[in-house]
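Examining the three-dimensional arrangement
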Amino acid sequence: MENLGIDIKLMLAQLINFVLFFIIIKKFVAKPFQSFLQTERQKEAEKQKLLEDAQKQEEVLANKQKELEKKMKQEFDKTLAEAKVEANKIKEEIVLTAKKEGETLKEAAKKEIEQEKEALYKQVKKKVSDLSLFLVAKSLREILDTEERKKVSAKILSSLPKTININEN
Amino acid sequence: MKIDPKIKKDLKERLRADLEQKKRRITVVCAYKIGADEIEALKEKVPLLKTGEIKWQVDSSIIAGYVVKVGSKVLDLSLQGQLQNFKKLIYGID
């Protein structure tokens, strides 16, 4: 072995040195490093999981928001339709009321005009008859002399019933 | 204040007499001076005229006929009255 240039002692020492080196590295470097890597992997996995959860939650929230928006839109459309119906109803009621009031006013005005017309007619009638009878009376007073008045008086007497009773009590 | 019952009675009598006199007071209005035959004819138609004293009045505004007033009652037999009645009739016609 010595002829081959191999020093057994050196080789053994190197072997021991290597074993020691291996043990030390394994114990103090490889294991913590592996543990660190493991921890990092776990953290990464947790992060990934959290990210996925967050994405899922985000999706759920987005869906919920969409649903909410849809529901809101439906609600809004429904309310708008109801409001339109209600507005139309109110409009119709207002128009109807206004129409009724208009009719009432029209009727009242018509009635008033009729009453005024009637009053005017009566007034004219009264004036015409007053004037006519005034003219007749005046003419008779001027035309009839005493003899004619006597004749008229006799005519009036003859047209009366046989006897006339005047009851004072 | 107390009123003597005798005075009260006298007053009542007086008032009653006045009232009776007023009731009996007859006034006849004519458009002209009325003649005796016409008075008789009128008395025949209105017998009440025979019972009391009549006051005769002339008022040409009644045109013709007679107006007999007895107390507060009036019997209008005048042409003016008939015209007035006619006027009322015209008012009543629509």
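Not measured: the values here are computed from a predicted model.

A few words on the overall build of chain A. Helix and strand counts for chain A come out as 2 helices and 0 strands. Of all 169 residues assigned to chain A, the portion counted as buried reaches 1%.

Okay, the overall build of chain B next. Across its full length, chain B holds 3 helices and 4 strands. When its helices and strands are written in sequence order, chain B yields α-β-α-β-β-β-α. Within chain B, counting contacts between residues at least 6 apart in sequence, those at least 24 apart form 54% of the total.

Another point: the confidence of the model for chain B. Confidence in the prediction for chain B averages 87 pLDDT; 98% of positions are at 70 or higher. Ranking the elements of chain B by mean pLDDT puts helix α1 (residues 5–24) of chain B last, at 84, and strand β1 (residues 26–30) of chain B first, at 92.

When the UniProt feature table is mapped onto this chain numbering, "transmembrane region" (unreviewed entry) sits at residues 6–25 of chain A. Helix makes up 90% of residues 6–25 of chain A and strand 0%, and the two end C-alpha atoms of the span are 27 Å apart.

So, about the nonpolar core. With 16 residues, the main nonpolar core has Y66 and V68 of chain B as its most contacted residues. Mapped by element, the contributors of at least two residues to this core are β1 and β3 (65–70) of chain B. Not counting residues within four places of it along the chain, the set of residues in contact with Y66 of chain B comprises S153 of chain A together with V28, V29, C30, L42, L77 and S78 of chain B.

The next thing to look at is the interface of chain A and chain B. Listed as interface residues are 20 residues of chain A and, on the opposing side, 27 residues of chain B. Sorting the residues of the side of chain A that touches chain B by element identifies α1 (8–143) and α2 (146–159) of chain A as the ones contributing at least two each. Broken down by class, the residue content of the side of chain A that touches chain B amounts to 11 nonpolar, 4 polar and 5 charged.

Let's shift gears to the packing of α1 of chain A against helix α3 (residues 79–92) of chain B. For the pair α1 of chain A and α3 of chain B, the least separation of the axes is 10 Å and the interaxial angle reads 160 degrees. On the basis of the axis angle, α1 of chain A is roughly antiparallel to α3 of chain B. Crossing of α1 of chain A over α3 of chain B shows right-handed handedness. Across the interface between the two elements, K126, S129, L133, V136, A137 and L140 of chain A from α1 of chain A touch L79, Q80, L83, F86, K87, I90 and Y91 of chain B from α3 of chain B. Of the residues belonging to the contact of α1 of chain A with α3 of chain B, the class tally is 9 nonpolar, 2 polar and 2 charged.

Our focus in this paragraph is the sheet that holds β3 of chain B. What holds strands together in a sheet is hydrogen bonding between their backbones, with the strands either parallel or antiparallel. Residues and elements named next belong to chain B. Here we have 4 strands laid out as an open sheet, ordered β2-β1-β3-β4, and mixed in their pairing. The open sheet is flanked by β2 (54–58) and β4 (73–78), the only strands paired with a single partner. If you compare each strand with its neighbour and ignore which way they point, the axes differ by 15 degrees on average. Alignment of β3 against β4, held across 6 bridges, turns out to be antiparallel.

Residue and element names in this part refer to chain B. Summarising the sheet, β1 and β2 pair through 5 bridges and their orientation is parallel. Along β2, the bridge assignment pairs I26 with I54. Once the chain exits β1 it traverses helix α2 (residues 36–45) before rejoining the sheet at β2, and the crossover so formed is right-handed. Summarising the sheet, β1 and β3 pair through 5 bridges and their orientation is antiparallel. Within β3, the residue paired with V28 across the bridge is V68.

Conventions we followed
- Sequence order as written defines residue numbering, which begins from 1 separately in each chain.
- Naming scheme: in the order in which they are written, chains are lettered from A and ligands are numbered from 1.
- Given that this is a predicted model, residues contribute local features only at a pLDDT of at least 70 and side-chain atom pairs are listed and counted only at 80 or more, while totals for whole chains, interfaces and linings are drawn from all residues.
- Secondary structure counts use DSSP, requiring at least four H or I residues in a row for a helix and at least two E residues in a row for a strand, with both numbered from the N terminus.
- Whether a residue is buried, exposed or partly exposed follows from its count of other C-beta atoms within 10 Å of its own C-beta, namely 20 or more, 12 or fewer, or something in between, respectively; the C-beta atoms are built from the backbone.
- Residue pairs qualify as contacts under a 7 Å threshold applied to their C-beta atoms, which are placed from the backbone.
- What pLDDT expresses is the predictor's confidence in each residue, scored from 0 to 100.
- UniProt positions are given in the numbering used here, feature names are shortened, and annotations may be inferred rather than shown by experiment.
- To count as a nonpolar core, a set of buried Ala, Val, Leu, Ile, Met, Phe, Trp, Tyr and Cys residues must be joined through C-beta atoms within 7 Å.
- Only Asp, Glu, Lys and Arg are considered charged in this grouping, and only Ala, Val, Leu, Ile, Met, Phe, Trp, Tyr, Cys and Pro are considered nonpolar; every other residue, Gly among them, is considered polar.
- As a rule, the C-alpha atoms of each element are fitted with a line to give its axis, helices using only the stretch in contact, and angles between N-to-C directions run from 0 to 180 degrees.
- With respect to orientation, any angle under 35 degrees is reported as roughly parallel, any angle over 145 as roughly antiparallel, any angle of 65 to 115 as roughly perpendicular, and every other angle as oblique.
- Handedness of each helix crossing follows the sense of rotation of the near helix against the far helix: counterclockwise by less than a right angle gives left-handed, clockwise gives right-handed.
- Pairing between two strands requires that DSSP report at least two bridges joining them.
- Clockwise travel from the first strand over the helix to the second, with the strands pointing away from the viewer, marks a crossover as right-handed.

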